[in-house]
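Take a look at the letters that make up each chain.
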Amino acid sequence: MKTTKIGPKPRSFQDLIFILQHYWSEHGCVILQPYDMEVGAGTFHTATFLRAIGPEPWSAAYVQPSRRPTDGRYGQNPFRVQHYYQFQVLIKPSPPDFQELYLDSLRSLGFDPRINDVRFVEDNWESPTLGAWGLGWEVWLNGMEISQFTYFQQVGGLECRPVSGEITYGLERLAMYLQDVDNMFDLVWTEGPQGRVSYGDVFLQNEIEQSKYNFDYANVPVLLRNFDEHEQACNDLLAARLALPAYEQVLKASHIFNLLDARRAISVTERARFILRVRTLSRAVAQAYYASREALGFPMLRGAGASANVAASMEGALAVDQARA
Amino acid sequence: MTASVPRARIERRDLLVELGTEELPPKALRVLEQALADGLRTRLTQAGLVVAAIESFATPRRLAVHIRRLAVRPPDQLIKRRGPPLRASFDAAGAPTRAATAFADSCGVALEALGREHDVKGNEYLYFEGIKTGTATVTLLPGLLQQTLDALPTPRRMRWGAGDAQFVRPVHWLVLLFGREVVPASMLGVEAGSVSFGHRFMAPKALHIASPAGYAKALLTRGKVIAAFDARRENIRAQVEQLAAGLAGRAIVGDGLLDEVTALVEWPVALTGQFEPRFLALPREVLIATLQEHQRYFAVENDAGLMPWFITISNIDSPDPDVVRAGNERVVRPRLADAAFFWEQDRRQPLAERRLALDGVTFHDKLGSLGARTDRIGVLASAIAAHIGADGGETARAAQLAKCDLLTAMVGEFPELQGCMGRYYALADGEAPRVADAIRDHYLPRAAGDALPASGVGDAVALGDKLDTLAGIFASGQKPSGTRDPFGLRRAAIGVLRIILEHRLELNLIELIDRAVRLQQIAGIDAAAAGVSADIYDFVLERARAQYLERAADNGISTEMFDAVLATRPASLLDFDARLRALVGFVARPEGLSLAAANRRIANILRKSEPAAASLQPQPVVRELLREEAERELHDALLAMRAQVQEAVTAQTYARALDLLAGLKPAVDGFFDRVLVNDPEAALRNNRLALLAELRALFTGIADLSRLPG
């Protein structure tokens, strides 16, 4: 059986990212940059949430800074933070050797599964706000959860056909293990001519200040109002059949909901209602996105003659929009 | 009509089915293994094949079944069929009709090959007798296997890639061998073959399986997989116990944990790890929960308590086990540090101070807050305490504190420690020990065979908790249907039964249920209360039936006896129990069955004459209208013992009451032998019906004997 040979351990946090990017690039993924908005996880990136919808094939990998306001600890906790990195891989359709591909990525990071105890332990995933669920595992490395591995079954309320496979690496955890440190802020980000730069040098002040904002300063009445506004904006954009901008309004609303949660401004029953409101939006966006790709003839299917047709229909769409303007 | 045709020699071969998958859910693994084996056995048997020896296997990456000596085809069937009548088979000209040719076709023979048969009336029919050769097993197998796989009980099936196949997890290979030959088949997106795979890392190469009988050994020696679940489980237990002994301790090996760990590995290797001894200051349950629930480690203890060690089961025979050990130690440290932080943090606020915050936590959107629920439990618990002689003050306090630990950080992290943490925190706050114990105990019993609350205070709060759950969920129209029981109402009902019966608590269950229902803050509840309460009573008693019948071999109770008592709807479960046990003794004696038959007869007579009987119900028997001697004798006998029977019933000495009633047998027999109830004269008839009604009322004061089988 052909397997990647065991690579040298990445020495720094950024090396870890480079190796993963390189590995997944070698395996055909589009290497993307983070989505430039506040999101709770790599799943919210359009390259996952929207691209998992519909029949078009897609492979992408990227780092996604993720914000979880309630997880902030003012920089006091060695491994709990309100802002961290995920490395996300999405491949549609999920390849038959998806698990092997993942294991090879561990080998490329210097983990030999012949020496280490690597396990796939059932952990099914469900996102109430995204109207999405999938089945899969958390991956254990010597008892530590280092990744999530999921076969998407439904996204935005739509059945996934084909199924996308998603891998999410917890970069800080992996790095802490690789560098054998107990405090995330002690991680070596890189060693350069100006000396060692730690994770704390990069993020500690941000962690402290953002925790204060999340827990103590975020303006609840303003956030509540903003939530309503983004909800409205999303619906307006959906009416204009602009799926991608509408989706950004969902991201805004979702992050605001998380902030309100951190401020403990939402009671239990209200909480369920907020989640339902976000889910309603993401479902509508998912359908709008599907419809928009369908209208374009699902360009990435690249069937015979599809490209030309798509180009034509895209031009048509643009012409209509210009005429409207 | 069919029958097996005896055959001299049948060729038999072993069958092997192995489905290779990505890692299966550990808690479902045994169920899947069993269902695959049972499903195949059932379907093969239905196809006429004898399945004598069947062995099943299950690991995270495979489900397998080995059946020994399966016949290569089911036995031939002797077929006998009667066709259409002869007169409908040929027309006037003697030409065969459609009915005749269709019958011949369905038998697979020419019309001329059919015989003739007469029935008892002398009618003549077309007749077929032949031998149906069984379809070859190898041909049957793919269909039977597919049906079995489709019917596996699995909570959620998934799809993967671009295919349409659905299974618990993606499927990678199928070994399907009948003898040494591959059965041609294709299912779940894979082609059947003879190639399996061993351990993911220790034996990654393709593994050819030469014969079904050599399967387990091939996996063990070449594949580094212990395929049989039980063998792997015992192997793990032995390793764990040996390592614990090496630490001069004992491992805490719960069945649930052992099963789960067994379902997570193919090649178990036990390793010990250490944690800082300072964490031993945490409550024992917290340490065990951290080690077991989060990490699936086995805790180790000696006579002094838990030790700062754990045993983990890895899935690899690592050339450098220290890497695995060190990794696991790294993981458990922050987990325990978290738990220690919660333990410190939670104790800074007394439990009682959290009570108010429960008002802001929704219990259920139709049933209000946890605070409201707490108050309802308090009302019920206090009422119960007053009846069973438990301390009222302590009961009220325990009820108020019972749910407060749900707001602690520790229970937030370890929901399974609810109650247990409440007890620790209450003790830390200086609450009375019995109050603290009752907080823990009010969740009891959690499962079959679980302990019951340790005190009357615990009983009172536990009953209040369960009755409120039953009342709330029934009142909001969500009573369980089929196997769905999301609120654990069956468990709650069994808890009520066990506490009352095993602790011998004399309580009016009907009143308590009614009280619990009326406490629900649901619009219009008072109007609906009677119906809801009756439903709950029936629901609880149905669980009682199941509990009694489970032990029918010991207690001699039958479902009819249960129905006989249930018909009287006793308010107290102890009273119910007493009636039931008296009935067992009564049925065993000779008069028992005969009087039961008499009761059925009376019930029938009264039912048929219902309008009349109903109108004369309040009327007593008129002595002067009793014309026959036999009816006067019955009346005398009745009057002679009525007071005594009623006295015995009041004293709940039902055996005595039934004993007295058994003495009526001669009089009852005499009545039915010599008296015609349906006298043409209405006054006489109605008087006799009144006599029977009185007689029956005396019996049904104990149990409705008419429900006993004849």
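Keep in mind the model is a prediction, meaning the values are calculated, not measured.

### What about the overall build of chain B?
Then, number 1: Within chain B, the regular secondary structure consists of 27 helices and 19 strands.
Then, number 2: A compact globule built from 710 residues would reach a C-alpha radius of gyration of about 27 Å, whereas chain B, at 35 Å, exceeds it by more than 25%.
Then, number 3: Overall, chain B is about 105 × 105 × 45 Å in size when its C-alpha atoms are taken along their principal axes.
Then, number 4: Here chain B, with 710 residues, has 52% of them falling under the buried criterion.
Then, number 5: Of the roughly 31000 Å² of accessible surface on chain B, 52% is carried by carbon and sulfur atoms.
Then, number 6: Charge centroids of chain B, computed over 86 positive and 87 negative side chains, lie 5 Å from each other.

### Observations regarding the domain arrangement of chain A
All names here are of chain A.
Then, number 1: Splitting chain A by domain gives domain 1 (13–214) and domain 2 (218–298).
Then, number 2: If you average the C-alpha positions of domain 1 and of domain 2, the two centres end up 24 Å apart.
Then, number 3: Roughly 2500 Å² of surface becomes buried between domain 1 and domain 2 when both sides are summed, with 67% attributable to carbon and sulfur atoms.
Then, number 4: In terms of surface lost to domain 2, no three residues of domain 1 exceed L50, E56 and T129, which account for 22% of the buried area on that side.
Then, number 5: For the pair domain 1 and domain 2, the number of links is 1 salt bridge.
Then, number 6: Among the ionic pairs, R293 bridges to E56, the shortest N-O distance being 2.6 Å.
Then, number 7: Counting every contact that joins domain 1 to domain 2 gives 6 residue pairs in polar contact (both at pLDDT 80 or more).
Then, number 8: Secondary-structure elements contributing two or more residues to the side of domain 1 that touches domain 2 are α2 (46–49) and α5 (199–217).

### Regarding the pattern of salt bridges
Residue and element names in this part refer to chain B.
Then, number 1: The full count for this structure, using the stated rule, is 67 salt bridges over all chains.
Then, number 2: The closest approach of N and O atoms between R233 and D259, which form a salt bridge, is 2.5 Å. On the criterion of sequence distance, the pair formed by R233 in helix α6 (residues 229–246) and D259 in helix α7 (residues 255–262) is long-range, its members being 26 residues apart.
Then, number 3: Owing to a relative accessible area of 11%, R233 belongs among the buried residues under this scheme.

### Points about the packing of helix α24 (residues 629–650) of chain B against helix α25 (residues 654–662) of chain B
Residues and elements named next belong to chain B.
Then, number 1: Relative orientation of the contacting elements α24 and α25 amounts to 160 degrees, with a least axis distance of 7 Å. In terms of orientation, α24 lies roughly antiparallel with respect to α25. Judged by the twist between their axes, the crossing of α24 over α25 is left-handed. Across the interface between the two elements, M641, Q644, V645, A648 and V649 from α24 touch Y654, R656, A657, L660 and L661 from α25.
Then, number 2: Among the residues making up the contact of α24 with α25, the classes are represented as 8 nonpolar, 1 polar and 1 charged.

### Notes on the sheet that holds strand β16 (residues 298–302) of chain B
Residue and element names in this part refer to chain B.
Then, number 1: Taken in spatial order, the 4 strands of this open sheet run β14-β16-β17-β15, and their pairing is antiparallel. Both outer strands of the open sheet, β14 (250–251) and β15 (269–274), are each paired with one neighbouring strand and no more.
Then, number 2: Inspection of the sheet shows β15 paired to strand β17 (residues 305–314) by 6 bridges, in the antiparallel sense. Across the sheet, V269 pairs through a bridge with S314, a residue of β17.
Then, number 3: Along the sheet, helix α9 (residues 321–346) contacts β15 and β17; its crossing angle with β15, the most-contacted strand, is approximately 50 degrees.

### Some details on the domain arrangement of chain B
Then, number 1: Each assigned domain of chain B is listed with its residue range as follows: domain 1 (2–74 + 137–221), domain 2 (77–132), domain 3 (229–346), domain 4 (353–550) and domain 5 (574–707).
Then, number 2: Placing a centre on the C-alpha atoms of domain 1 of chain B and another on those of domain 2 of chain B gives a separation of 43 Å.

### Focus: the packing of aromatic side chains
Then, number 1: Tallied over the entire structure, the rule returns 38 aromatic pairs over all chains.
Then, number 2: Relative to F203 of chain A, the ring of Y199 of chain A has its centre 5.4 Å away and its plane inclined at 50 degrees; by these criteria the two rings are tilted. Here the residue Y199 of chain A and the residue F203 of chain A both occupy positions in helix α5, the gap between them amounting to 4 residues, near one helical turn.
Then, number 3: A residue is classified by how much of its surface remains accessible, and Y199 of chain A, at 1% relative accessible area, is buried.
Then, number 4: According to the relative accessible area criterion, F203 of chain A is buried, its value standing at 12%.
Then, number 5: An aromatic cluster is present here, built from F87, F98, Y102, F120, W137, F149, Y151 and Y169 of chain A joined pairwise through their rings.
Then, number 6: Note that R156 of chain B overlies the ring of W133 of chain A, its terminal NZ or CZ placed 3.9 Å from the centroid.
Then, number 7: One cation-aromatic arrangement involves R373 of chain B over F363 of chain B; the distance from NZ or CZ to the ring centre is 4.6 Å.

### Digging into helix α8 (residues 284–294) of chain B
For the α-helix, the turn length of 3.6 residues means that residues three or four positions removed from each other point alike.
Residue and element names in this part refer to chain B.
Then, number 1: With 8 of its 11 residues buried, α8 lies for the most part within the structure.
Then, number 2: All of the buried residues in α8 are V286, L287, I288, A289, T290, L291, Q292 and H294.
Then, number 3: Of the residues trailing α8, R296 is marked for its positive phi of about 55 degrees.

### Some words on the interface of chain A and chain B
Then, number 1: Counting from both sides, the interface comprises 44 residues of chain A and, opposite them, 46 residues of chain B.
Then, number 2: Taken over both partners, the interface formed by chain A and chain B buries close to 3800 Å², and the fraction arising from carbon and sulfur atoms is 52%.
Then, number 3: Together, R114, I115 and R119 of chain A form the three largest contributors to the area buried by chain A at its contact with chain B, with a combined 15%.
Then, number 4: Counting across the interface, chain A meets chain B through 6 salt bridges.
Then, number 5: Across the salt bridge formed by R159 of chain B and E159 of chain A, the nearest N and O atoms sit 2.9 Å from each other.
Then, number 6: Connecting chain A to chain B are 24 residue pairs in polar contact (both at pLDDT 80 or more).
Then, number 7: Looking at the side of chain A that touches chain B, the elements that each hand over two or more residues are α3 (98–108), β4 (118–122), β6 (132–141), β7 (144–155), α4 (171–179) and α8 (268–295) of chain A.
Then, number 8: Split into classes, the residues belonging to the side of chain A that touches chain B amount to 23 nonpolar, 9 polar and 12 charged.

### A few points about empty space enclosed by the protein
Any empty space left between atoms is shown by rolling a water-sized probe over those atoms.
Then, number 1: Within the structure shown, the criterion is met by 5 cavities of 30 Å³ or more.
Then, number 2: Lining the largest cavity, in full, are V118, R119 and F120 of chain A together with E23, P60, R61, R200, F201, L264, E266 and N315 of chain B.
Then, number 3: Here the residues of the lining of the largest cavity are counted per class, giving 5 nonpolar, 1 polar and 5 charged.
Then, number 4: One number sums up the size of the second largest cavity: a volume of about 80 Å³.
Then, number 5: Together, D117, R119, W140 and G143 of chain A together with V261, L264, Q295, R296, Y297, T312, I313 and N328 of chain B line the second largest cavity.
Then, number 6: Tallied by class, residues from the lining of the second largest cavity come to 5 nonpolar, 4 polar and 3 charged.

### A word on the confidence of the model for chain A
Then, number 1: Overall, the predicted model of chain A reaches an average pLDDT of 91, with 91% of residues at or above 70.
Then, number 2: Residue range residues 304–325 of chain A is modelled with pLDDT below 50. Its contacts to residues more than four positions away, or to other chains, number 6 contacts.

### Section: the nonpolar core
Across soluble globular proteins, nonpolar side chains show a tendency to be buried alongside one another.
Then, number 1: Core analysis: the biggest nonpolar cluster contains 136 residues, and M410, L509 and L541 of chain B have the highest contact counts within it.
Then, number 2: The leading source of residues in this core is helix α15 (residues 456–475) of chain B, at 11 residues.
Then, number 3: Ignoring any residue separated from it by four or fewer positions in sequence, one finds M410 of chain B in contact with V286, A339, F342, W343, D346, L417, M421 and Y425 of chain B.
Then, number 4: Residues I17, W24 and W137 of chain A together with L152 of chain B belong to the second largest nonpolar core, which totals 99 residues.

### What to know about the environment of A286 of chain A
Residue and element names in this part refer to chain A.
Then, number 1: By secondary structure assignment, the location of A286 is in helix α8.
Then, number 2: Taking the relative accessible area as the measure of exposure, A286 reaches 0% and is therefore buried.
Then, number 3: With 155 residues separating them along the chain, A286 and G131 place their C-alpha atoms 9.6 Å apart.
Then, number 4: Those residues in contact with A286, other than ones at most four positions away along the chain, are F49, I53, V155, G156 and L158.

### A few points about the environment of V163 of chain A
Then, number 1: In this fold, V163 of chain A is placed in the loop between β8 (158–159) and β9 (165–170).
Then, number 2: In this structure, V163 of chain A is in contact with I91, K92, P93, S94, Y151, F152 and Q153 of chain A together with R159, W160 and G161 of chain B, ignoring residues within four places of it in sequence.

Reading the values: the criteria
Residues numbered from 1 in each chain as written. Chains lettered and ligands numbered in written order. Predicted model: local features only at pLDDT ≥ 70, side-chain atom pairs only at ≥ 80, totals over all residues. Heavy atoms only, no water. Helix = DSSP H or I, 4+ residues; strand = E, 2+ residues; numbered from the N terminus. Rg over C-alpha atoms; globule rule 2.2 N^0.38 Å. Buried < 20%, exposed > 50% of the residue type's maximum accessible area, 1.4 Å probe, protein only. Areas by Shrake-Rupley, 256 points an atom, 1.4 Å probe, with all protein chains shown as cover. Lys, Arg positive; Asp, Glu negative; His and termini not counted. Charge placed at Lys NZ, Arg CZ, Asp CG, Glu CD. Domains from an automatic or database assignment. Buried area = accessible area lost by both parts, 1.4 Å probe. Salt bridge = Lys/Arg side-chain N within 4 Å of Asp/Glu carboxyl O. Polar contact = N/O pair within 3.5 Å; in protein donor to acceptor, adjacent residues only side chain to side chain. Axes fitted to C-alpha atoms, helices over the stretch in contact; angles between N-to-C directions. Parallel < 35°, antiparallel > 145°, perpendicular 65-115°, else oblique. Left-handed = near helix turned anticlockwise from the far one by under 90°. Contact = heavy atoms within 4.5 Å. Nonpolar A, V, L, I, M, F, W, Y, C, P; charged D, E, K, R; others polar. Pairing = 2+ DSSP bridges. Phe/Tyr/Trp six-rings, centres within 6.5 Å; stacked < 30°, edge-to-face > 60°. Lys NZ or Arg CZ within 6 Å of the ring centre and 35° of its normal. 1 Å grid on protein atoms, 1.4 Å probe; cavity = no way out; pocket = protein on both sides within 12 Å on 5 of 7 lines; lining within 4 Å. Points joined across faces, edges and corners; volume = space filled by probe spheres on them. pLDDT = per-residue confidence, 0-100. Core = buried A, V, L, I, M, F, W, Y, C linked by side-chain atoms within 4.5 Å.

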